[in-house]
Amino acid sequence: MSAAPTTDGRDARTAWLLTAPALMLFVGVLVIPLAMTVMLSFHDWGQYKGIEPVFILKNWHEVATDPYFAEMFWRTARIALLTTLITAVLGAPEAYILNRMSGRWKSFFLLVILGPLLISVVARTLGWALLFGGNNGLVNKLLMSLGLIGSPLSFMFTETGVVIALAHVMMPFMVLSVWAALQRVDPQIENAALSLGAGPLTIIRRIVLPQIMPGVLSGAIIVFSLSASAFATPAIIGGRRLKVAATLAYDEFLNTLNWPLGAAVAVLLLVALVLIVVGSNALIERRYAEVFR
Amino acid sequence: MSFLELDRVAKQFGTQTVVDDFSLTVGKGEFVSFLGPSGCGKTTTLQMIAGFLDPSRGAIRLEGRDLTVVQPAKRGLGIVFQSYALFPHMTAAENVAFGLEMRRVPRSECRERVRATLAMVGLAGYEERYPRRMSGGQQQRVALARALVIRPSVLLLDEPLSNLDAKLREEMQIELRQIQRNLGTTTILVTHDQNEAMSLSDRIVVMSQGRIEQIGTPQETYERPASAFVSQFLGKTNDFAATIDRTATPGRLIAGSWSAPAPAGLAGPVTISIRPERIGFGDAGLAAKIVTRIFQGNHWLFQCESECGSMIVIRQNDGQKQPAEGEAVRLAWRPEDMSLRRTGDAA
Ligand SMILES: Nc1ncnc2c1ncn2[C@@H]1O[C@H](COP(=O)(O)OP(=O)(O)O)[C@@H](O)[C@H]1O
Ligand SMILES: [Mg+2]
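With that settled, the discussion passes to the overall build of chain A. Of regular secondary structure, chain A possesses twelve helices and two strands. Order of helices (α) and strands (β) in chain A, N terminus to C terminus: α-β-β-α-α-α-α-α-α-α-α-α-α-α. Computed over C-alpha atoms, the radius of gyration of chain A comes to 24 Å, more than 25% over the 19 Å expected from 2.2 N^0.38 for 293 residues, which places it beyond the range of a compact globule. For chain A, the C-alpha atoms occupy an extent of roughly 85 × 75 × 35 Å along the three principal directions. When the 293 residues of chain A are sorted by exposure, 38% land in the buried category. Across chain A, contacts joining residues at least 24 apart in sequence account for 66% of those joining residues at least 6 apart. Carbon and sulfur atoms make up 72% of the accessible area of chain A, which totals about 16,700 Å². Once the 20 positive and 15 negative side-chain charges of chain A are each reduced to a mean point, those two points are 9 Å apart.

So this is what it looks like as structure tokens:
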């Protein structure tokens, strides 16, 4: 405010100077590797010649035309979408119930819900494998010994299994996001609707849900992008038999050693995600701008 | 006469009694205020009438029927919340229409009533606005319209004006009173602002720590406060010690160099309570010195140091010459303007 015009130049220099460390880190660990990955995706690769630094569209052509890749990407999208749906359908009511609990229980259950974030994804996913992994899975053993099922439930290496395990891993993000939206809801608003003659279902549908919808949607964006790029859970539950985009890129890099093709897969995943996230975010902002800003 | 009746209502949260022994009858069309400091149980009482809280003891009756067994959604009361609690995802018209929709009022009648009610609160033309795009005063009017459109049997207002600035608050007070008079809706207002309670209500219920201190018209509660709490909470007051001397006949009530014939019944040390505007400067009376003199437009406020401790005096700005700061004065008042309590009596 009080800065005279003559000091503007110095102010700008100070600003650059102050942000320089963060900027250098950002460029060093994100921009440069990303640019290199993009370049890599245009290089050539052969079994015996290795990587050749040329500019060709071979990898992109392969990714675009080979139905194998299309299947991987559709599966990734399907899994991410289903996971998002499940977390939304279960997480939104979970956050709502949590929000209505009284003091002590609220903090206890908040801890229960957020606690898993402190445990490694790998450990949590391995838990599922222990419960459902083939004939030796605990739950499968129990159900079979009770005679409820004849053969073990198939969980490992199935899309259902990956979706369930992912939904479990992603749930805290959805609950937190809806929870944040609920904090902005007037605590008297349900009483207001009640006094006007609304029943409990009407209150949820017409008063609460529309107000927490932005929270559900931003939670959905987070869960979708994290699920679509998730690696550990699909790698453990899906394994080699059920690949998704992230595990595919990993395999190209580390097993086939076809780095350029892996780079193309990774870049495509990144671009698709950025487009989806930015697009839906813009849609949400436009939809709710009038009401919530 | 009694339209809404609260009969020895009490509310406990755990071991804490928040409202106790609350009895009140409200006549049809009456405007009653619950007045008391923050935390004295006003909102709790209002929420028990609304049905958001169940009384621990006592009964609430509307037109003779037990109200506590009726679901809050079926009570048909209009409520304006302190935070307004408007539905942010609905326009002003949609907010107001909500209660009518719940009552399955036909579409065309609904539209007409919404329009008329918004016009009544001075919001014609604001139908399509969202609450976020409205000022505090406008939001408050939407909340009022939303509560009134369902033609409630009782209108409950929980500190509806406390979020508005002083000037707007005064305007809304006048408007609220006019609307209430025109519609004849029985109204209960919760407030901690004594001016608001006095300028709006037919009767005031003064509350302290969950109990009723006094029920009366604004004038009654101001001029004949039933307790020290009421006299101090409703406007400014001077409380000071005096004695009744029965050795002489007739007995005298003495405060410093001021004295008057003693009233019957009391003896020994007493407390005099007198409003600052009832004290005048005279030739005889309590000796005092003006400490500060504050000009407040239509009146002067004097802070005095007297024989009986510090006192405040308010004089109309009627063009008379007023004493200056540091000047020695005599304070006098008519015995019928003061109230007397035996010293040590709380009430
Ligand atoms: N749900 C509750 N649980 C426990 N104590 C409460 C609850 N609601 C209100 N209280 C207590 O009851 C007292 C009266 O509250 P309230 O009726 O809101 O006062 P007011 O509206 O007069 O400011 C306060 O001391 C408050 O802490
Ligand atoms: Mg209150």
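Here the focus is a nonpolar patch on the surface. All names here are of chain A. A grouping of L25, F26, V27, V29, L30, V31, I32 and M36 is seen on the molecular surface, where their side chains present a nonpolar patch of about 740 Å² in accessible area. Position of V31 relative to the elements: it lies in helix α1 (residues 8-40). Since its relative accessible area comes to 38%, V31 is described here as partly exposed.

On to the nonpolar core, then. Counting 109 residues, the largest nonpolar core has L4, F22, F34, F87, L144 and L156 of chain B as its most contacted members. Broken down by element, the residue count for this core peaks at 13 residues, all from helix α7 (residues 159-183) of chain A. When sequence neighbours within four positions are dropped, the list of residues in contact with L4 of chain B reads L24, T25, V26, I49, I60, R61, L62, L67 and I188 of chain B. The next biggest cluster of nonpolar side chains, apart from the first, holds 25 residues, and it includes I279, A288, L331 and M338 of chain B.

Moving on to unusual backbone geometry. Negative phi values dominate among residues other than glycine, just as trans dominates among peptide bonds. One non-glycine residue with positive phi stands out, namely F157 of chain A, at about 65°. Residue placement: F157 of chain A occurs in the loop between α6 (138-145) and α7. Residue R151 of chain B is not a glycine yet carries a positive backbone phi of 50°. By the secondary structure assignment, R151 of chain B is in the loop between α4 (136-148) and β7 (154-158). You can call R151 of chain B exposed: its relative accessible area is 59%.

Let's shift gears to the site of ligand 1. Residue and element names in this part refer to chain B. All residues adjacent to ligand 1 are F13, Q16, V18, S38, G39, C40, G41, K42, T43 and T44. With respect to ligand 1, the side chain of T43 contributes an N or O atom lying 2.5 Å from an oxygen atom. Element by element, the count of residues in the shell around ligand 1 is highest for helix α1 (residues 42-50), at three residues. Looking at side-chain class alone, the shell around ligand 1 contains three nonpolar, six polar and one charged residues.

To continue, consider the pattern of salt bridges. Residues and elements named next belong to chain B. In the structure shown here, the tally under the stated rule is 26 salt bridges over all chains. Here D7 ties to R61 by a salt bridge, and the two come within 3.3 Å at their closest N and O atoms. Of this pair, D7 sits in strand β1 (residues 2-13) while R61 sits in strand β4 (residues 57-62), and the two are 54 residues apart along the sequence. In this structure, the salt-bridge partner of K167 is E171, at a minimum N-O distance of 3.5 Å. Of this pair, K167 and E171 both sit in helix α5 (residues 166-183), four residues apart, roughly one helical turn. Given a relative accessible area of 61%, K167 falls into the exposed group. What makes E171 partly exposed here is its relative accessible area of 39%. By sharing partners, the salt bridges in this structure join E223, R278, R334, E336 and D337 into a single network.

Think of two packed helices as two axes; the pair is described by the angle between the axes and how far apart they sit. Residues and elements named next belong to chain A. Where helix α4 (residues 103-114) contacts α7, the axes come no closer than 9 Å and their chain directions differ by 140°. Looking at the two axes, α4 sits oblique to α7. Between α4 and α7, the contacting residues are K106, L110, I113 and L114 on the first element and P172, V175, L176 and W179 on the second. Among the residues forming the contact of α4 with α7, the class breakdown is seven nonpolar, no polar and one charged.

Quick look at the side chain of D44 of chain A now. All names here are of chain A. Along the chain, the position of D44 falls in strand β1 (residues 44-46). At 2.8 Å, the side chain of D44 and the side chain of K49 are in polar contact. A polar contact is formed between the side chain of D44 and the side chain of K58, at a distance of 2.8 Å.

Across the boundary between the two partners, chain B contributes 24 residues, which contact 21 residues of chain A. In total, about 2,100 Å² of surface goes out of reach between chain B and chain A, with carbon and sulfur atoms giving 63% of it. In this assembly, chain B and chain A are joined by one salt bridge. Linking R206 of chain A and E101 of chain B is a salt bridge whose minimum nitrogen-to-oxygen distance equals 2.6 Å. One can count four residue pairs in polar contact (both at pLDDT 80 or more) joining chain B with chain A.

All names here are of chain B. The five strands lie next to each other as β15-β19-β16-β17-β18, forming an open sheet whose pairing is antiparallel. Each edge of the open sheet carries a strand with a single partner, namely β15 (280-282) and β18 (309-316). Taken over all neighbouring pairs, the strand axes of this sheet differ in orientation by 50° on average, direction set aside. In this structure, strand β16 (residues 286-295) lies alongside strand β19 (residues 328-332), joined through four bridges in antiparallel fashion. Each bridged residue has a counterpart across the sheet, and for A287 the counterpart in β19 is R330.

Looking now at the sheet that holds strand β2 (residues 16-27) of chain B. All names here are of chain B. If you trace the four strands from one edge of the open sheet to the other, you get β2-β1-β4-β5, paired in antiparallel fashion. At either margin of the open sheet sits one strand with a lone partner, and together these are β2 and β5 (65-66). Where β1 meets β4, five bridges bridge the pair, whose relative direction is antiparallel. Each bridged residue has a counterpart across the sheet, and for A10 the counterpart in β4 is R57.

The next thing to look at is the side chain of T186 of chain B. Residues and elements named next belong to chain B. Positionally, T186 belongs in strand β8 (residues 186-191). Judged by its relative accessible area of 1%, T186 falls in the buried class. A distance of 2.9 Å separates the side chain of T186 from the backbone nitrogen of G29, its partner in a polar contact. The residues contacting T186, other than those within four sequence positions of it, are F3, V26, G27, K28, G29, E30, S153, V154 and L155.

Further remarks concern the packing of aromatic side chains. The final tally for this structure, using the stated rule, is 19 aromatic pairs over all chains. Between F231 of chain A and Y250 of chain A the ring centres are 4.8 Å apart and the planes differ by 50°, which places this aromatic pair in the tilted class. Taken as a pair, F231 of chain A in the loop between α9 (200-228) and α10 (232-238) and Y250 of chain A in helix α11 (residues 245-254) lie far apart in primary sequence, 19 residues in all. Between F52 of chain B and F81 of chain B, the aromatic rings sit 6.2 Å apart at their centres with planes inclined by 20°, giving stacked as the arrangement. Residue F52 of chain B is found in the loop between α1 and β4, and its partner F81 of chain B is found in the loop between β6 (78-80) and α2 (92-102); the two are separated by 29 residues along the sequence. Residue classification places F52 of chain B among the buried residues on the basis of a relative accessible area of 16%. Grouping aromatic residues by their ring pairs yields a cluster made of F42, F55 and W60 of chain A. R241 of chain A extends its terminal NZ or CZ atom over the ring of F157 of chain A, reaching a point 4.0 Å from the ring centre.

The rules we used
- Sequence order sets the numbering: in each chain, residues are counted from 1 along the sequence as written.
- Whichever chain is written first is A, and whichever ligand is written first is 1; the rest continue in order.
- Local features are withheld for residues below a pLDDT of 70 in this predicted model, meaning they are given only at 70 or higher, and side-chain atom pairs are given and counted only at 80 or more; totals for whole chains, interfaces and linings count all residues.
- Hydrogens and water molecules were not included; the side-chain quantities draw on all heavy atoms of the structure.
- We count a stretch as a helix when DSSP gives it H or I for four or more residues in a row; a strand needs E for two or more, and each element gets its number in order from the N terminus.
- For the radius of gyration, the atoms used are the C-alpha atoms, and the globule rule reads 2.2 Å times the number of residues raised to 0.38.
- Burial here depends on accessible area, computed with a 1.4 Å probe over protein chains only, as a share of the maximum for the residue type. Under 20% is buried, over 50% is exposed, and the range in between is partly exposed.
- We call two residues in contact when some of their heavy atoms are within 4.5 Å.
- Here the open area of atoms and residues is found with the Shrake-Rupley method and a 1.4 Å probe, where only the protein chains shown may cover a residue.
- For the charge count, each Lys or Arg is scored as positive and each Asp or Glu as negative, with His and the chain ends excluded.
- For this purpose, a charge sits on NZ of Lys, CZ of Arg, CG of Asp or CD of Glu.
- Excluding any residue in a salt bridge, patches collect residues exceeding 30% relative accessible area, merging like charges within 9 Å and nonpolar Val, Leu, Ile, Met, Phe, Trp and Tyr side chains within 5 Å.
- Salt bridge, as used here: a side-chain nitrogen of Lys or Arg that lies within 4 Å of a carboxyl oxygen of Asp or Glu.
- In this description, a nonpolar core means a group of buried Ala, Val, Leu, Ile, Met, Phe, Trp, Tyr and Cys residues linked to one another through side-chain atoms lying within 4.5 Å.
- Distances are taken per atom, and a residue is near a molecule or strand as soon as one of its heavy atoms is within 4 Å of it.
- Counting of polar contacts relies on pairs of N or O atoms within 3.5 Å, with two restrictions inside protein: one atom must be capable of donating a hydrogen and the other of accepting it, and residues adjacent in sequence are counted only when both atoms are side-chain atoms.
- Side-chain classes are defined by residue name, with Ala, Val, Leu, Ile, Met, Phe, Trp, Tyr, Cys and Pro counting as nonpolar, Asp, Glu, Lys and Arg as charged, and the others, Gly among them, as polar.
- In this description, a line fitted to the C-alpha atoms serves as the axis of each element, helices being fitted only across the stretch in contact, and the angle between N-to-C directions of two axes falls anywhere from 0 to 180 degrees.
- Orientation categories follow fixed angle ranges, with anything under 35 degrees roughly parallel, anything over 145 roughly antiparallel, 65 to 115 roughly perpendicular, and all other angles oblique.
- The term buried area refers to how much accessible surface (probe radius 1.4 Å) is lost by two components on association, counted for both of them together.
- Note: two strands are recorded as paired if DSSP finds a minimum of 2 bridges between them.
- Stacked, tilted and edge-to-face are the three classes applied to pairs of Phe, Tyr and Trp rings, where Trp contributes its six-membered ring and a pair requires centres within 6.5 Å; stacked means planes under 30 degrees apart, edge-to-face means over 60, and tilted covers the rest.
- We count a charge as sitting over a ring when the NZ of a lysine or the CZ of an arginine lies within 6 Å of the ring centre and within 35 degrees of the ring normal.

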